[in-house]
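# Architecture and fold: a report
Take a look at the letters that make up each chain.
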Amino acid sequence: MSDSALAETDAVELTPAPPSPAPARWQALQRRFARFRPQYERLQRVHWTPIVLFILVAVSLFFRFLWLDKPAGALIFDEKYYVNAVRVILNLPLPDDAPYRDQQRGLDPNTEHPPLAKLLIAASTRLLGDNGFGWRLPSVIIGTLSIPLIFGIVQRAGGSDLAALLATFFYAFDNLVFVHSRIATLDIFFVCFMLLGVYWYLDGHPALAGLALVVATLCKINGMYGLGILVAYEALRLLRDRVATKRWDWRQLRPLAITCIVFVAVYPWLLGLLDNFWGQYKNPLDHLHHIFAYGFALTREGGPQGQESNPWQWLLNDVPMNYLRTDVTVKVGDEIKSVRAIIEFRGAMNPYVIASAPIGIAYAIYLAWKERDDLSFMALALFFVTYGPYWPAAEIGHRISYIYYFLPVIPSVAIAAGQFFAAPWMPRLVRWAFIGAVLLGFYGYFPFRTIP
């Protein structure tokens, strides 16, 4: 090979390759997005928890208030008792077939329950009129206020912000909680004030906790669950400390004693005061005797009938109740082609929320055994006190029961599920998938299938 050919070959081999376009494009993208870095860093510094909680409560309030007076003039589920009781209290006209039509005006005819929740509904009806807004607005307000209480209970019991937000979300978007937060029945009232009592107790205000539980029990006698919850919670904590220190520290029960003393001292007095103006019993002990006698008399041999159900069926969302259903029928000539619901209020839990109950409670039991943390203790105290008594009542006492009795148990299910899905080892994809499933369940059970 000649020298000139060798030089040409060397020249070709030494010529640098052209630069790859990929790094150049990547550098251009970096320069383009670099200007957004300050905004991104500011977003990272934002404390999102209160913002997300506010959005969650605001959205919940919107859905609870939406079409509150629909269907116009209709009474949903047990509103036929409580709304007509309110009409008797306010001396308003009653339909010919209404319950309590022959009762004395000005007094609460629904004596199997304490009067406070009905008086709150009566005050709203007096202000807004004898209509859906008047009957149901107190339930909307009280039901919405119960939502941030779940968040506060989780935080005060030592849970993380994520666990508190998830528990609040699961509670807010449960169908049974949602429906009872927009109809004029008593259950959401006692649940809210029961949760308020638990929150104040965890927040270090045992006297206020006692007063909140008094209000809960003045709405419905089941408000007494609150005392049982606090007793069970403190028993678990006392046992934990006994194992750790080898001695009993009875001083830690002082807040519980204060709460119980306030409750026992104030409740009979306030019940008597309300009965003195709007009740048929001048002695609160007589009224309490009637309430308990009425409750124990609700028995049936041979098992549930109709919409009744056993407590163990509730964990399967079995025997849902038809609160109110409005159908539309499509006909071609005289032939019925289809019948579909356009409004359907159901007494049933969000299927995904109730599906989380077994694994959530099992995880709370595991944490209570391994970690001995206060949040697990509270979840278990809420669950077993509000749900456990129904099993022997149904099996031994043949007590009539319905699926909506599960309403005060849902806070424990939501808290346990929030603790489970907020666990550090939980994949984000699984967490977000379950959030989406809960929203899907809420949509599937939303009572309005078309725009009224």
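Conventions and cut-offs
- Residues numbered from 1 in each chain as written.
- Predicted model: local features only at pLDDT ≥ 70, side-chain atom pairs only at ≥ 80, totals over all residues.
- Heavy atoms only, no water.
- 1 Å grid on protein atoms, 1.4 Å probe; cavity = no way out; pocket = protein on both sides within 12 Å on 5 of 7 lines; lining within 4 Å.
- Points joined across faces, edges and corners; volume = space filled by probe spheres on them.
- Nonpolar A, V, L, I, M, F, W, Y, C, P; charged D, E, K, R; others polar.
- Phe/Tyr/Trp six-rings, centres within 6.5 Å; stacked < 30°, edge-to-face > 60°.
- Helix = DSSP H or I, 4+ residues; strand = E, 2+ residues; numbered from the N terminus.
- Buried < 20%, exposed > 50% of the residue type's maximum accessible area, 1.4 Å probe, protein only.
- Expected span 1.5 Å × (residues − 1).
- Arc of directions from axis to C-beta.
- Contact = heavy atoms within 4.5 Å.
- Salt bridge = Lys/Arg side-chain N within 4 Å of Asp/Glu carboxyl O.
- Pairing = 2+ DSSP bridges.
- Axes fitted to C-alpha atoms, helices over the stretch in contact; angles between N-to-C directions.
- Parallel < 35°, antiparallel > 145°, perpendicular 65-115°, else oblique.
- Core = buried A, V, L, I, M, F, W, Y, C linked by side-chain atoms within 4.5 Å.
- Lys, Arg positive; Asp, Glu negative; His and termini not counted.
- Polar contact = N/O pair within 3.5 Å; in protein donor to acceptor, adjacent residues only side chain to side chain.

## Regarding empty space enclosed by the protein
Taken as a whole and assessed by the stated rule, the structure comprises one cavity of 30 Å³ or more. Counted as a void, the largest cavity has a volume near 30 Å³. Forming the boundary of the largest cavity are Asp-108, Asn-110, Thr-111, His-113, Asp-275, Gly-279, Gln-280, Tyr-281 and His-287. When grouped by side-chain class, the residues that make up the lining of the largest cavity number one nonpolar, six polar and two charged.

## Structural notes on the packing of aromatic side chains
Across all of its chains, the model carries 40 aromatic pairs by this definition. Considering the side-chain rings of Phe-190 and Tyr-225, the 6.4 Å spacing of their centres and the 55° angle between planes classify their relative orientation as tilted. Of this pair, Phe-190 sits in helix H10 (residues 187-202) while Tyr-225 sits in helix H12 (residues 225-245), and the two are 35 residues apart along the sequence. Among the residues examined, Phe-190 registers a relative accessible area of 1% and is labelled buried.

## Quick word on helix H21 (residues 428-445)
Counted at 1.5 Å a residue, the expected span for H21 with its 18 residues is 26 Å, and the 26 Å between its end C-alpha atoms agrees. Where H21 is concerned, the buried positions are Arg-431, Phe-434, Ile-435, Ala-437, Val-438, Gly-441, Phe-442 and Tyr-445. Here the buried residues of H21 occupy an arc of 160° about the axis, which is enough to place them on one side. In H21, the exposed positions angled more than 90 degrees off the buried face are occupied by Arg-428, Leu-429, Trp-432, Leu-440 and Tyr-443. Where H21 is buried, its residues contact helix H4 (48-65), helix H8 (161-172), helix H9 (175-180), strand E2 (335-347), helix H16 (351-355) and helix H20 (410-421).

## A short note on the environment of Gln-103
Positionally, Gln-103 belongs in the loop between helix H5 (79-89) and helix H6 (116-128). Through-space distance from the C-alpha of Gln-103 to that of Ala-85 is 9.2 Å; in sequence the pair is 18 residues apart. Those residues in contact with Gln-103 that sit more than four places away from it in its chain are Val-88, Pro-109 and Gln-280.

## Re the pattern of salt bridges
What the rule picks out here adds up to 15 salt bridges. The salt bridge partner of Glu-344 is Arg-325, with a shortest N-O separation of 3.2 Å. You can see Glu-344 sitting in strand E2 and its partner Arg-325 sitting in strand E1 (residues 321-332), a full 19 residues away along the chain. According to the relative accessible area criterion, Arg-325 is partly exposed, its value standing at 38%.

## Some points on the pairing of E2
Sheet analysis places E1 next to E2, joined by eleven bridges and oriented antiparallel. By the bridge assignment for E2, Thr-326 is matched with Ile-343. Hairpin remark: E1 followed by E2, antiparallel, with two residues in the connecting loop; positive phi at Gly-333, about 70°.

## Observations concerning the packing of helix H17 (residues 357-370) against H20
At a minimum axis distance of 8 Å, the contact between H17 and H20 shows a crossing angle of 70°. Here H17 lies roughly perpendicular to H20, going by the angle between them. Residues Ala-357, Ile-359, Gly-360, Ile-361, Tyr-363, Ala-364 and Leu-367 of H17 touch H20, and the partners they reach there are Ser-412, Val-413, Ala-416, Ala-417, Gln-419 and Phe-420. Here the residues of the contact of H17 with H20 are counted per class, giving ten nonpolar, three polar and no charged.

## Concerning unusual backbone geometry
With omega at -10°, the peptide bond leading from Lys-70 into Pro-71 counts as cis. Tracing the sequence through the fold places Pro-71 in the loop between H4 and H5. One non-glycine residue, Tyr-100, lies in the positive phi region at around 70°. Residue placement: Tyr-100 occurs in the loop between H5 and H6. Its relative accessible area of 15% is what places Tyr-100 among the buried residues.

## Structural notes on the nonpolar core
The nonpolar side chains of a soluble globular protein tend to be buried, and buried together. Ranked by size, the top nonpolar core spans 126 residues in total, and within it Phe-170, Tyr-171, Tyr-323, Phe-406 and Ile-415 carry the most contacts. If you tally residues by element for this core, the top one is H10, at 13 residues. Leave out the neighbours within four places in its chain, and Tyr-323 touches Ile-76, Phe-77, Leu-176, Val-179, His-180, Ile-183, Phe-345, Arg-346, Gly-347 and Tyr-404. Membership of the second largest hydrophobic core comes to five residues, among which are Ala-85, Val-88, Leu-94 and Tyr-100.

## Section: the environment of Arg-182
By secondary structure assignment, the location of Arg-182 is in the loop between H9 and H10. Among the residues examined, Arg-182 registers a relative accessible area of 1% and is labelled buried. In the structure, Arg-182 is positioned 106 residues away from Ile-76 in sequence and 9.9 Å away in space, judged by C-alpha atoms. In contact with Arg-182, not counting residues within four places along its chain, are Phe-63, Arg-64, Phe-65, Leu-66, Trp-67, Leu-68, Arg-136, Ser-139, Val-140, Phe-345 and Phe-448.

## Some details on the side chain of Arg-64
Structurally, the position occupied by Arg-64 is in helix H4. The buried charged residue Arg-64 lacks any salt bridge, with Asp-174 as its nearest oppositely charged partner at 7.9 Å. A distance of 3.0 Å separates a polar atom in the side chain of Arg-64 from the backbone oxygen of Ala-172. For Arg-64, the contacting residues outside a window of four places in its chain are Val-140, Thr-144, Ile-147, Ala-172, Val-177, Phe-178, Ser-181 and Arg-182.

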